[in-house]
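Below, each chain spelled out in residue letters.
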There are 2 protein chains.
Amino acid sequence: MASPKPVQTGRRPILLGTASTVAAASTAQRAIAQSRTPQAPLASWNEGEAKQAILDFVRDTTNPSSRHFVAPEDRIATFDQDGTLWVEHPLYTQAMFALDRVHSLVLDNPEWRTQEPFSTVLSNDLARTARFTERDWAEIVFRTHAGMSQAAFREIVLRWIATAKHPRFKRKYTELIYQPMIELLDWLQVNQFETFIVTGGGQDFVRSYCQRVYGIPTQRVIGSSIATKFEINNGTPELVRLPKLFFNDNYDGKAIGIDLFIGRRPYAAFGNSTGDRQMLEWTGAGDGARLKMLVYHDDPVREYAYGPAGGLADTAIGTFDQSLLDEAKMRSWTVVSMKNDWKRIFAFE
Amino acid sequence: MASPKPVQTGRRPILLGTASTVAAASTAQRAIAQSRTPQAPLASWNEGEAKQAILDFVRDTTNPSSRHFVAPEDRIATFDQDGTLWVEHPLYTQAMFALDRVHSLVLDNPEWRTQEPFSTVLSNDLARTARFTERDWAEIVFRTHAGMSQAAFREIVLRWIATAKHPRFKRKYTELIYQPMIELLDWLQVNQFETFIVTGGGQDFVRSYCQRVYGIPTQRVIGSSIATKFEINNGTPELVRLPKLFFNDNYDGKAIGIDLFIGRRPYAAFGNSTGDRQMLEWTGAGDGARLKMLVYHDDPVREYAYGPAGGLADTAIGTFDQSLLDEAKMRSWTVVSMKNDWKRIFAFE
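Residues numbered from 1 in each chain as written. Chains lettered and ligands numbered in written order. Predicted model: local features only at pLDDT ≥ 70, side-chain atom pairs only at ≥ 80, totals over all residues. Heavy atoms only, no water.

Undergrad: How do you make sense of the sheet that holds strand β1 (residues 76-79) of chain A when you look at a structure like this?
TA: Pairing between the strands of a sheet comes from backbone hydrogen bonds, and it takes one of two forms, parallel or antiparallel. Residue and element names in this part refer to chain A. The mixed open sheet is built from seven strands, whose spatial order is β4-β3-β2-β1-β5-β6-β7. Looking at strand neighbours, the two that pair on one side only are β4 (236-247) and β7 (334-337), the edges of this open sheet. Going across the sheet, the axis of each strand differs from the next one's by a mean of 30°, ignoring polarity. As judged from the eight bridges shared by strand β3 (residues 221-233) and β4, these two strands associate in the antiparallel manner. In the strand pairing of β4, N233 is matched with T236. (Pairing = 2+ DSSP bridges. Helix = DSSP H or I, 4+ residues; strand = E, 2+ residues; numbered from the N terminus. Axes fitted to C-alpha atoms, helices over the stretch in contact; angles between N-to-C directions.)

Below, the structure is given as structure tokens:
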């Protein structure tokens, strides 16, 4: 898995508080730090409560004389992916991948042409596909994501994501990452926070591109996973993917997954949907300063607008319902308005 | 979990190839690096094949002009704990903890006095206890390690391990770590390897002391675990431990666990028993330079001697059987003789 020209290393240099002390970073790392972390942090954020909450939190937890100071080894921050770090509409990127896999694999599985949920997929009816049940998706995932080795699966994802394009933006999915969130990831990392992705999506799917796209190494991606089996074939060990759910990293699974993989409570957590509720509750239950944030998709022009919280369109993809908004108010979680808090959404704008 | 005086931070500074370039480390970190990594690495190792194999491997994988150079973000090393990093005889430390828990909890469970396996435990018959089946241990673990919150369990372990002593050495278990292996952990970390513990023992047990004892943060401890449940009690979320196995991180589970938690193949793996076989096989199946090592307990004077490989005493605790020794020879794994390769075993010697 060695990449000859790593865009970013898995380990960031330990910086002593601010972006200016990059003495130890290699030249390449320094160049990246400069290009990704400009003089002023969070450059793509408008002034306002959300930006201020981040700046205050980081200052408060990294200032040794603050009563909310957090030792570097305890600085953990967790990020949902879909709808928090990149676009999730009209359908999760991994779902798009699964649909493409159905189209490729139908030659070997002709019975799919008349068998649900595959026949709906093959008819390219995205609207109906967006209403698939979890059971429908499980069936599609088990038939398109299992049966091969872990290494082979990663290769399949890599090949797909290198070329597949988003139906509206006509760009690669990996270009549809939110620039303000990348700056937030960087600002936390510069301040010695260890950043994790905690996704309801497939752990191995995200791990195929996390280093290149987010500068986050595979061991800091926690996600849903299927079971694997250790086999020795012709003397060589392999891990084979089985059509069986191992861990569902969504809802309460996010709090459980954080404890299982990290073993300490985050000081900051970022999400955008009801699937992130328990992650934020778990984060907020710790003492001291804890930053809890929800990204609210209220910008139909530059991205999408959906809820149904606040009267926006209802959706099964990244649902942000009224009860979540109510809880955010009650528990003083910060809600980020994509329309008002973000100067730009994508780097290419 | 913030410790006021951390012995070591979870993140090591990025050093540029050798121990001499510690410019970026804070004063505290530098002091630690100097105290734990003396001028010559592996000071407690005798000259010989094992020591040379480590030095050659580190040189080969960190030298940018070597054809076996490994990018820093791919430098992963995994260590078994029991029998590899610390003493496991006459019984695993966690088993000792479980037995003590049975003694404490019998007041609330008087039926244990006549019920196996508890009655054997209560009779203090260590020899019979050492022959317990996996099923016996599961029953003991479910009754002594579950039913409380994760936070409460960590507290119980912390209190126990702060005072409990080994029956032969009359020292705390955390003092019975192998000094040569601590030097090895340090030498790898100084050379930008990310070191993980991959234990068949309980993940949450080890996570209660890993930072203090090994300088390894909780998120780099992979172990066996029981299921937890997310509950909100009086408005506060808790993770409650259930009497149900979630993941068995032993044998093939070690390869599966490494892939699940880390997502990339180690370049170095260290074990001492048949439970580590698949971890070493998985590590060795990668390309380039891979270091695979087994610690062989052949020093009855300073520690213990058991196998049964090589004609040493048979044991159910940390079994190193002949087939493992044969495989080590066939696959060119390095076998470390505690008697011959280690100048000293414990720091207190």
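On we go from here.
Undergrad: I'm lost on helix α3 (residues 93-105) of chain A in this one. Help?
TA: Along an α-helix, residues three or four positions apart point the same way, because every turn accommodates 3.6 residues. Residue and element names in this part refer to chain A. Here α3 spans 18 Å end to end across 13 residues, near enough to the 18 Å set by a 1.5 Å rise per residue. Most of α3 is tucked away: 10 of the 13 residues are buried. Considered for burial, the residues of α3 that qualify are T93, Q94, A95, M96, F97, A98, L99, R101, V102 and L105. In this structure, the buried side of α3 is in contact with α4 (118-122), α5 (126-129), α6 (134-144), α7 (150-161), β2 (194-202) and α9 (203-207). (Expected span 1.5 Å × (residues − 1). Buried < 20%, exposed > 50% of the residue type's maximum accessible area, 1.4 Å probe, protein only. Contact = heavy atoms within 4.5 Å.)

Undergrad: Teacher, can you tell me more about the pattern of salt bridges here?
TA: Pairing is possible between side chains that carry opposite charge, provided their charged atoms lie close to one another. Applying the stated criterion across every chain yields a total of 32 salt bridges over all chains. When the shortest N-O distance is used, the salt bridge between D56 of chain A and R59 of chain A registers 3.2 Å. On the criterion of helical spacing, the pair formed by D56 of chain A and R59 of chain A is a turn pair, its members being three residues apart in helix α2 (residues 49-62). For D56 of chain A, a relative accessible area of 34% puts it in the partly exposed group. Note that D80 of chain B is salt-bridged to K254 of chain B, the shortest N-O span being 2.9 Å. (Salt bridge = Lys/Arg side-chain N within 4 Å of Asp/Glu carboxyl O.)

Undergrad: Any chance you could explain α2 of chain A here in plain terms?
TA: For α2 of chain A, spanning 14 residues, the distance from its first C-alpha to its last is 20 Å, which sits close to the expected 20 Å at 1.5 Å a residue. Those residues of α2 of chain A that are buried lie in contact with α8 (179-190), β5 (268-271), β6 (291-296), β7 and α14 (338-341) of chain A.

Undergrad: How should the packing of aromatic side chains be read in this particular structure?
TA: Between two aromatic rings, the relevant description is the distance of the centres plus the angle of the planes. All told, the structure shown has 40 aromatic pairs over all chains when counted by the stated rule. Ring centres of F247 of chain A and F246 of chain B lie 6.1 Å apart, and the angle between their planes is 80°; this geometry places the pair in the edge-to-face category. Highlighted residues: F247 of chain A in strand β4 and F246 of chain B in strand β4 (residues 236-247), drawn from two different chains. A ring pair is formed by W160 of chain B and F205 of chain B, whose centres lie 6.4 Å apart and whose planes are at 55°; its orientation type is tilted. Linking W160 of chain B in helix α7 (residues 150-161) with F205 of chain B in helix α9 (residues 203-207), this pair joins segments that are 45 residues apart in sequence. Per residue, the accessibility class of W160 of chain B equals that of F205 of chain B, and both read buried. Through a chain of ring-to-ring contacts, the aromatic side chains of W45, F169, Y178, Y304, W342, F346 and F348 of chain A assemble into a single cluster. The residue whose ring lies beneath R168 of chain A is Y304 of chain A, and the NZ or CZ to ring-centre distance is 4.9 Å. Directly above the aromatic system of W282 of chain A lies the positively charged group of R265 of chain A, at a separation of 4.1 Å from the ring centroid. (Phe/Tyr/Trp six-rings, centres within 6.5 Å; stacked < 30°, edge-to-face > 60°. Lys NZ or Arg CZ within 6 Å of the ring centre and 35° of its normal.)

Undergrad: Honestly, the nonpolar core in this entry has me stumped. Any pointers?
TA: Judged by nonpolar contacts, the single largest core of 74 residues is most densely connected at M181, Y214 and F270 of chain B. Membership of the second largest hydrophobic core comes to 73 residues, among which are A50, F169, L185 and A268 of chain A. (Core = buried A, V, L, I, M, F, W, Y, C linked by side-chain atoms within 4.5 Å.)

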